[in-house]
Amino acid sequence: MKFGTITQQGLTLSSDIGILPAQHSANIQLGVQKDGSYTDYSVTAQIGYPTSTGDYLNAGTAVLDGVLTIPSECFKQDGVMVISLALTNGTELIVTHPLHLTIVGAPGSFVTLPPEEIWQQQVSAFVQSYLSTEGITISATAVTGEPGTEARVENTGTGTKPVFKFTIPRGNVGPTGPQGPKGETGATGPQGLTGPQGPKGDTGATGPQGPAGPAGEGVPPGGEAGQIIVSTGNGGAEWRDMPKMDVIIDPNGGLQNTSSGLSIKGDSTASGGAGIVTGSTGTYVPIAADGKRGAIIGIAKTADQTEPVGIGSDGRVYTKFIGYQFESIDPRGGIINEQDNAGLRIKLNRDQVGGAGLEVDENGLYLKQATDSFLGGVRVDLALSETSANPVQNKAITAAIGDISTALAAILGV
């Protein structure tokens, strides 16, 4: 009989029962309802069942005519049974998600037969009671009784035509047989998904230079650097040297035309030179000379020189003061005009009466102490004095007053 039905919907399995018959059951049947999309697929059940050690073993059994028969080996231990369906169509194999069903624990199933001598005595006595009677036709049937019941013999016929019914209880489950031979290798599974692309490899070394390709259509072979392709007028072409062309040059433009082509005009002429020289080391600007342009105007220091810089006949560069004009100076303003038009400077005490009180030495500019004849800084005494006319520091006066207060307090006793 069917104890329930397993229903497939896509890759998902469900069942109308959650609990299977108890431990020690055998050959339990479950109906299998396939998804309509898998009509042409063959179905095999993969059953994972628990063992007494806590491990799981696997049993495979075919689904025939929509019925799955679970063998007795799967019910030896209580726990959770796991069932998946493997659907095949040619080389295609699809395995559904597993379904979990519970096996409830139960007492062991043992069949107890009576002792061998009692069993034989009962059968022999029953049969002999009829064998001693003439004209009796004897027939017999045998059935298997439930485990744990006693063996018995019944007469289901008549006295003259007895029909013996022998009921023999089912025996104990035998030990597990040896493992069968390894089955044949199954069909190759479907191609797996393509893995992610690996990292980009390093750039390889540059290969050798290939041979020169043929000349393009209309391009003649050969040719050298500096040449151009010229039509021959009859549909052909050839390589020719680049023609040289003369151009109009401004005589004051700093350029000249030579047999080798255009170049910068050097200082070869007195008036038209560009002040630039081109040699084997490159183009440079020379120092100006008489009648020729160059980097610096003027070559000698003269009395009427107006340029700030000039070159003397010894080849050295000289600078000359260019005269200037300034307004009149206040004689009391602390500024004096140096002799020989050397320029303005601060008036010092040594120059004349009315100096600014300043002096200059190798250490720099400083303020000199004032005197009767010169301006300058004020000297301040650090202590009281009976002869000095200088001001005295505030702290010196405060200290003297403090001394007086202390003396008065001692005298007055306060």
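Owing to the predicted nature of the structure, the values given are computational and were not obtained by experimental measurement.

Trainee: Teacher, can you tell me more about the overall build of the protein chain here?
Mentor: From N to C terminus, the protein chain includes two helices and 25 strands. Residue burial in the protein chain is summarised as follows: out of 414 residues, 19% are buried. In the protein chain, once contacts between residues fewer than 6 apart in sequence are set aside, the share between residues at least 24 apart is 38%. Total accessible area on the protein chain is roughly 30100 Å²; 54% of this is exposed by carbon and sulfur atoms.

Trainee: What's the story with the environment of S84 in this structure? I'm lost.
Mentor: Along the chain, the position of S84 falls in strand β8 (residues 79-89). For the pair S84 and A45, spaced 39 residues apart in the sequence, the C-alpha separation amounts to 5.9 Å. With near-sequence residues (within four places) excluded, S84 lies in contact with L13, T44, A45, Q46, V95, T96, H97 and P98.

Trainee: Looking at this structure, I do not really get the sheet that holds strand β7 (residues 67-70). What am I missing?
Mentor: Neighbouring strands of a sheet are bound in pairs by backbone hydrogen bonds; such pairs are parallel or else antiparallel. Spatially, four strands are ordered β2-β1-β4-β7 in an open sheet, and the strand pairing comes out mixed. Two strands in the sheet have a free side with no partner beyond their single neighbour: β2 (12-15) and β7. On average, each strand axis in the sheet is inclined to that of its neighbour by 30°, with strand direction left out of account. In this sheet, β2 lies alongside strand β1 (residues 2-9) in antiparallel orientation, the contact comprising four bridges. Following the sheet pairing, I6 is matched in β2 by S15.

Trainee: How should the nonpolar core be read in this particular structure?
Mentor: The biggest cluster of nonpolar side chains holds 26 residues, and the ones touching the most others in it are I47, L68, I70, C74, F75, M81 and I83. Among the secondary structure elements, those contributing two or more residues to this core are β4 (28-33), β5 (42-50), β7, β8 and β10 (99-103). If near-sequence neighbours (up to four positions away) are discounted, I47 is found in contact with L57, N58, A59, T61, L68, I70, P71, C74, M81, V82 and I83.

Trainee: Would you mind showing me how to read the side chain of D35 here?
Mentor: Turning to its location among the elements, D35 is positioned in the loop between β4 and β5. Although buried, D35 forms no salt bridge, and the nearest oppositely charged side chain, K34, lies 9.8 Å from it. If we skip the residues at most four places from it in the chain, D35 touches Q8, Q9 and G10.

Trainee: Got a minute to help me understand the environment of I19 in this structure?
Mentor: Structurally, I19 is set in strand β3 (residues 19-20). On the accessibility criterion, I19 (54% relative accessible area) is exposed. The sequence separation of I19 and I103 amounts to 84 residues, and the corresponding C-alpha distance is 6.3 Å. Look past the residues within four positions of I19 in its chain and what remains in contact with it is T102 and V104.

Trainee: Can you help me understand the pattern of salt bridges in this one?
Mentor: Where charged atoms from two side chains of opposite charge approach closely, those side chains can pair. Going through the model one piece at a time under the given rule, you end up with one salt bridge. Note that R240 and E238 form a salt bridge whose closest N and O atoms lie 2.6 Å from each other.

Trainee: What exactly am I supposed to notice about helix α2 (residues 394-412) here?
Mentor: Given 3.6 residues per helical turn, the α-helix brings residues three or four places apart onto the same face. For α2, with 19 residues, the first-to-last C-alpha span of 27 Å sits near the 27 Å given by 1.5 Å per residue. Trailing α2 by a residue or two, G413 shows a phi angle of about 70°, which is positive.

Trainee: I keep staring at unusual backbone geometry and nothing clicks. Help me out?
Mentor: We note that N27 has phi near 55°; this positive angle belongs to a residue other than glycine. The exposure class of N27 is exposed, given its relative accessible area of 53%. Here the phi dihedral of D65 falls at roughly 55°; this positive angle occurs in a residue that is not glycine. Its place among the elements puts D65 in the loop between β6 (56-62) and β7.

Cut-offs applied
Residues numbered from 1 in each chain as written. Predicted model: local features only at pLDDT ≥ 70, side-chain atom pairs only at ≥ 80, totals over all residues. Heavy atoms only, no water. Helix = DSSP H or I, 4+ residues; strand = E, 2+ residues; numbered from the N terminus. Buried < 20%, exposed > 50% of the residue type's maximum accessible area, 1.4 Å probe, protein only. Contact = heavy atoms within 4.5 Å. Areas by Shrake-Rupley, 256 points an atom, 1.4 Å probe, with all protein chains shown as cover. Pairing = 2+ DSSP bridges. Axes fitted to C-alpha atoms, helices over the stretch in contact; angles between N-to-C directions. Core = buried A, V, L, I, M, F, W, Y, C linked by side-chain atoms within 4.5 Å. Lys, Arg positive; Asp, Glu negative; His and termini not counted. Salt bridge = Lys/Arg side-chain N within 4 Å of Asp/Glu carboxyl O. Expected span 1.5 Å × (residues − 1).

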